[in-house]
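The lines below spell out each chain.
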Amino acid sequence: MSLANPFNRHSRRGLLIEINPYQILAAGITRLEESPITLDCAAAFDAEDDAGLRRWLDTNFEKQNTWVPVICGFVPPEGLVQRESIQARKLGEPAYLEGLVREQYKIENPENWKLATLSPQDGTLVGAEGAQRPALICGVSHSNVHRIQQRLLDHRLLPYRLEQGILPLLGSIADFKARRDDKRAIVVVVIEHEHTTAYILGKEGVHTPAPVRHGFASIVQAARKEFGLNEAAEIRDRLQLADEELLLRATKFVRAIGRDLKPLVDSYEMTTGQPVGEIFCAYLPPALSWITEPLAQVVGRTPFAMDCTAWLPTVNIQPAEGVPAFGAHWLGALSLIAGAGAIKPDDLQG
């Protein structure tokens, strides 16, 4: 799918959108060639609320009776981001990378995946030269890309760039910590339904310990028991009401995840000699943001705090007048356009 640059048309607006395990986040972009980049509207929807997104698009893009160009970040359910030791010079051999992911990660048909090798330190592409070295092997299946593309096209959204959302998010957090001259590592946690993935950002770049076998389902199960609830809707609503009763029991709800996560963090410290100071739970909507603090307590670290409003000007982004403040759950979406160099065509095509 080859696309011309639709943002070169001065009369057209664009859209920033992120589809993560919890929400769809959408923000209108006035004109991409402007500096700083201005976001003139924004909204959040449940992850499957395509009807709500459609109504919002009809309201905010009603005068643009054509396809809306979109920059999209997504979190594929079967995405691959793993640190691995590779023979860089063999990357020029067509079968090398496919064979590696087939053997190491049990991907049966790697030829049906978009694969790339990036530097764990700065995210640049690793070329086919040099000896053995660490690399981040990143990949997403063509079927997952096609599924996201079709979902966007169904809303008359023209995919200008698709990207695994976790990668720019990790880059933004690493840059933020570097600006603070914080020498400690940080754990970025993605709590999915059945498992939890941790990315440790430290002095040697991104580390990817094995996934934790407990996810949001373990929080739901603990809440079901603690509150004596049976219906899924009741449990969901209860977990989104962060009152004193819930917060007093919060440690119990995250204990299964934290119990498995702590040895991974401790092992990183012992192996590298670098302390891990903070934990950031990516993508949690505001109603579930209470999860971060008790999880950090169980793991023995502190929650990562970042003021997005103060951060935006440092990465060339500004909200238009009247646009509500962006909370921490927007960090992944905003990272897609953070910095002038981030907005460029991408070759992640199905």
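Residues numbered from 1 in each chain as written. Predicted model: local features only at pLDDT ≥ 70, side-chain atom pairs only at ≥ 80, totals over all residues. Heavy atoms only, no water.

*Asks:* Could you give me a rundown of the sheet that holds strand β11 (residues 205-207), with the residues and numbers involved?
*Replies:* The mixed open sheet is built from 5 strands, whose spatial order is β11-β10-β9-β12-β13. Because the sheet does not close on itself, it has two edges, and the strands there are β11 and β13 (302-303). Of the pairings in the sheet, the one linking strand β9 (residues 185-191) to strand β12 (residues 276-281) comprises 5 bridges and is parallel in character. Directly across from Val 189, in β12, lies its bridge partner Cys 281. (Pairing = 2+ DSSP bridges. Helix = DSSP H or I, 4+ residues; strand = E, 2+ residues; numbered from the N terminus.)

*Asks:* Residues and numbers for the side chain of Asp 260, please.
*Replies:* Residue position: Asp 260 is located in helix α7 (residues 244-272). Polar side-chain contacts of Asp 260 include one of 2.9 Å to the side chain of His 214. Setting aside residues no more than four positions away along its own chain, Asp 260 makes contact with Val 212, Arg 213 and His 214. (Polar contact = N/O pair within 3.5 Å; in protein donor to acceptor, adjacent residues only side chain to side chain. Contact = heavy atoms within 4.5 Å.)

*Asks:* If you had to explain the sheet that holds strand β2 (residues 23-29) to someone new, which residues and values would you point to?
*Replies:* Spatially, 6 strands are ordered β8-β4-β1-β2-β3-β14 in an open sheet, and the strand pairing comes out mixed. Looking along the sheet, the strands with just one partner apiece sit at the ends: β8 (157-164) and β14 (317-319). Here the average twist between neighbouring strands, direction ignored, is 30°. Alignment of strand β1 (residues 14-19) against β2, held across 6 bridges, turns out to be antiparallel. Looking across to β2, one finds that Gly 14 is bridged to Ile 29. (Axes fitted to C-alpha atoms, helices over the stretch in contact; angles between N-to-C directions.)

*Asks:* So what's going on with the state of the cysteines? Residues and values would help.
*Replies:* For the structure on display, the rule yields 0 disulfides. No disulfide involves Cys 41; its sulfur sits 16 Å from that of Cys 72, the nearest cysteine. The exposure class of Cys 41 is buried, given its relative accessible area of 9%. Taking relative accessible area as the criterion, Cys 72 reaches 0% and is therefore assigned buried. (Disulfide = S-S within 2.5 Å. Buried < 20%, exposed > 50% of the residue type's maximum accessible area, 1.4 Å probe, protein only.)

*Asks:* Now, about the packing of aromatic side chains: what can you tell me, with residues and values included?
*Replies:* The full count for this structure, using the stated rule, is 8 aromatic pairs. Ring centres of Phe 176 and Phe 304 lie 5.8 Å apart, and the angle between their planes is 90°; on these two criteria the pair is classed as edge-to-face. You can see Phe 176 sitting in helix α4 (residues 166-179) and its partner Phe 304 sitting in the loop between β13 and α9 (308-311), a full 128 residues away along the chain. Across the pair, Phe 304 and Phe 176 agree in class, each one buried. Pairing Phe 280 with Phe 304 gives two aromatic rings, centres 5.6 Å apart and planes at 80°, and the pair type is edge-to-face. Residue Phe 280 is found in strand β12, and its partner Phe 304 is found in the loop between β13 and α9; the two are separated by 24 residues along the sequence. With respect to burial, Phe 280 and Phe 304 carry one shared label: buried. Cluster of aromatic residues (ring-pair linked, three or more members): Phe 45, Trp 56 and Phe 61. When the ring centre of Phe 61 is taken as origin, the NZ or CZ atom of Arg 13, which lies over that ring, is 4.1 Å away. The residue whose ring lies beneath Arg 156 is Trp 67, and the NZ or CZ to ring-centre distance is 4.6 Å. (Phe/Tyr/Trp six-rings, centres within 6.5 Å; stacked < 30°, edge-to-face > 60°. Lys NZ or Arg CZ within 6 Å of the ring centre and 35° of its normal.)

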